[in-house]
Amino acid sequence: MMLSSLAALLATAAVSVKAQEGAGVSGPTTVTNGYSCNPATCKLPACFCPSTSPPGGLDPKNIPQFITLTFDDSINEVILPQILNYTSNYVNPNGCPLASTFYISTQYTDFWHVQRMYSMGHEIAVHTMNHVGDPPAGEITGAVQAITTFGGVPLSKIVGFRTPFLAFTRNTYANLQAAKTFTYDSSMSVDYGAVPVWPYTLDNGPYTQCIPGTCAAPFQFPGLWEVPMYTLNNADGSLNAAMDPGPVPGGNPGMPTANEIFELYKSNFNKRYTSTRLPMGIYLHAAVSVTQPAHITGVHMFMDWIRSSGYSDVYWVSNQQLLAWINNPTNIADSLKNPALDCLMPAVDKSNTEVCDGIDNTGNGKIDDGLTESCYYPSLQASFTSCFGCPDTIPNVSNPVPFSKPRTRTSVPVAGCPNGGTWNPVSGACVSLVRQAKATPSTTTGAGNGNSGAGKNAAAADFGLPSILVGAASLAMAVFFAFGN
């Protein structure tokens, strides 16, 4: 949403913050009664039984430790600088940048920013159009259509889903499977201390109790993966929330301090790293990271600690990458060249021609210069930017792609461009651009200099955004809690 619309919403923003999905701490602690799965018949890639051991029979001490960083809800010009603080300048041991997963609600989303994050190597997944719990099919398929049409994400790459408020039922999963688009869901909370289960397919139903949603029988969805949302364990063994963790025992009675957030993630990491190497998840609302400065500082402290501790086997990956590795598991040494963890670097080089792909292709500091279109709808007080043309109105459940006139821009092909090509929506063709070389990490996974203050200003400059947006974001985010969550 552009600033002109944002100003109108600020006047009506709610004072209190609504409860967020994943805020509960009543994670499942037992395996579903009567659950069974036969690994002799449930085999990759079509099926995968739940397991508390790494795939492929690998020794936990000889596999990478994976961390998944995910964001829920809208992406827009207010939220984006904070997202960049998390995702910029981190490099995995194989030289690829950190990859995170964005579960997008299209309401209040600026589609050009979706395209930007996708072109930078992040996964774009679905969180419905209007942030509706137990969503009807149109909320799911409509979001898919809008994201691929206006955000430039190839349809074949939109394979993940998370239910708003984590309010799922059997119908939610039935709608996912019927859409024939999705590979996985990530909505079920799991207490990893009690049931340290790796992602698995739902051929035989849910392995653990369904929390916070419901799983009325029959609940078998062959081939559909469940990527659990792992709750956090406090130092005393009690549970903390999977998403946007709350107060810790004996700590600050209000929201956790930055050091408490850091210690919480650090202790949960150490428990995994020294035992099962179960994937670790950091699940965030980008808006929370703005309204709670201590939270973003604590996460940065954790990320910088990973780097400074000298780990050469820790990977920050998207959920797509995690599932790809499970389908092709490799030890630490072989994972350096495992295609599942590989990346397509951004198309940036001074010899390039600028195309509308969300990347500064020529490296002159001007992203998609003169190529984007601003779409404004006064009666709805809504707007967004896109490389793919302006529809008659905002995408909606009744009409996710509301064009009535011939388009001047062409949608990205279902499979994207082959051989690392870049889609040019103006010419309607794949073009070959020079891409950046992979980084050679001086140590391991980590951030540039760990200066979160400098990162904020750099993020604003990188997106061509006024620096004042960073300072004003705390007030603005009340809008997105009140209207978008």
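Above this text you will find the structure in question.
In short, a report on the structure. (Residues numbered from 1 in each chain as written. Predicted model: local features only at pLDDT ≥ 70, side-chain atom pairs only at ≥ 80, totals over all residues. Heavy atoms only, no water.)

### Concerning the overall build of the protein chain
Turning to step 1, where the next piece is worked out: Helix and strand counts for the protein chain come out as twelve helices and 17 strands.
Turning to step 2, where the next piece is worked out: The burial tally for the protein chain puts 54% of its 485 residues in the buried class.
Turning to step 3, where the next piece is worked out: Pairs at least 24 apart in sequence give 70% of the contacts found in the protein chain among residues at least 6 apart.
Turning to step 4, where the next piece is worked out: When the accessible surface of the protein chain is split by element, carbon and sulfur atoms take 55% of a total near 18100 Å². (Helix = DSSP H or I, 4+ residues; strand = E, 2+ residues; numbered from the N terminus. Buried < 20%, exposed > 50% of the residue type's maximum accessible area, 1.4 Å probe, protein only. Contact = heavy atoms within 4.5 Å. Areas by Shrake-Rupley, 256 points an atom, 1.4 Å probe, with all protein chains shown as cover.)

### Quick word on the pattern of salt bridges
Turning to step 1, where the next piece is worked out: The tally for this structure, following the rule as stated, stands at four salt bridges.
Turning to step 2, where the next piece is worked out: The partner of Asp 313 in a salt bridge is Arg 277, and the shortest N-O contact between them spans 3.6 Å. On the criterion of sequence distance, the pair formed by Asp 313 in the loop between helix H8 (293-308) and strand S13 (314-317) and Arg 277 in the loop between helix H6 (258-273) and strand S12 (280-285) is long-range, its members being 36 residues apart. Exposure class is identical for Asp 313 and Arg 277. Each is buried.
Turning to step 3, where the next piece is worked out: A salt bridge links Arg 409 to Glu 373; its shortest N-O distance comes to 3.7 Å. (Salt bridge = Lys/Arg side-chain N within 4 Å of Asp/Glu carboxyl O.)

### Let's talk about helix H2 (residues 80-87)
Turning to step 1, where the next piece is worked out: Extensive coverage of H2 is indicated by the burial of eight of its eight residues.
Turning to step 2, where the next piece is worked out: Listing the buried residues of H2 in full gives Leu 80, Pro 81, Gln 82, Ile 83, Leu 84, Asn 85, Tyr 86 and Thr 87.
Turning to step 3, where the next piece is worked out: A positive backbone phi angle near 70° is found at Asn 89, which sits one or two residues after H2.

### With respect to the packing of aromatic side chains
Turning to step 1, where the next piece is worked out: A full pass over the atoms with the stated rule returns 27 aromatic pairs.
Turning to step 2, where the next piece is worked out: Seen from their ring centres, Phe 111 and Phe 150 are 5.6 Å apart, and the 45° between their planes marks the pair as tilted. Of this pair, Phe 111 sits in helix H3 (residues 111-119) while Phe 150 sits in helix H4 (residues 137-151); the two residues are 39 residues apart in sequence, bridging distant segments of the chain. There is no split in this pair, since Phe 111 and Phe 150 are both buried.
Turning to step 3, where the next piece is worked out: With a centroid separation of 6.3 Å and 35° between ring planes, the pair formed by Tyr 377 and Phe 384 is classed as tilted.
Turning to step 4, where the next piece is worked out: On the basis of relative accessibility, which here comes to 8%, the residue Tyr 377 falls in the buried class.
Turning to step 5, where the next piece is worked out: The cationic tip of Arg 272 hangs over the ring face of Tyr 192; the distance from NZ or CZ to the ring centre is 3.7 Å.
Turning to step 6, where the next piece is worked out: The ring of Tyr 273 is capped by Arg 277, whose NZ or CZ atom sits 3.8 Å from the centre of that ring. (Phe/Tyr/Trp six-rings, centres within 6.5 Å; stacked < 30°, edge-to-face > 60°. Lys NZ or Arg CZ within 6 Å of the ring centre and 35° of its normal.)

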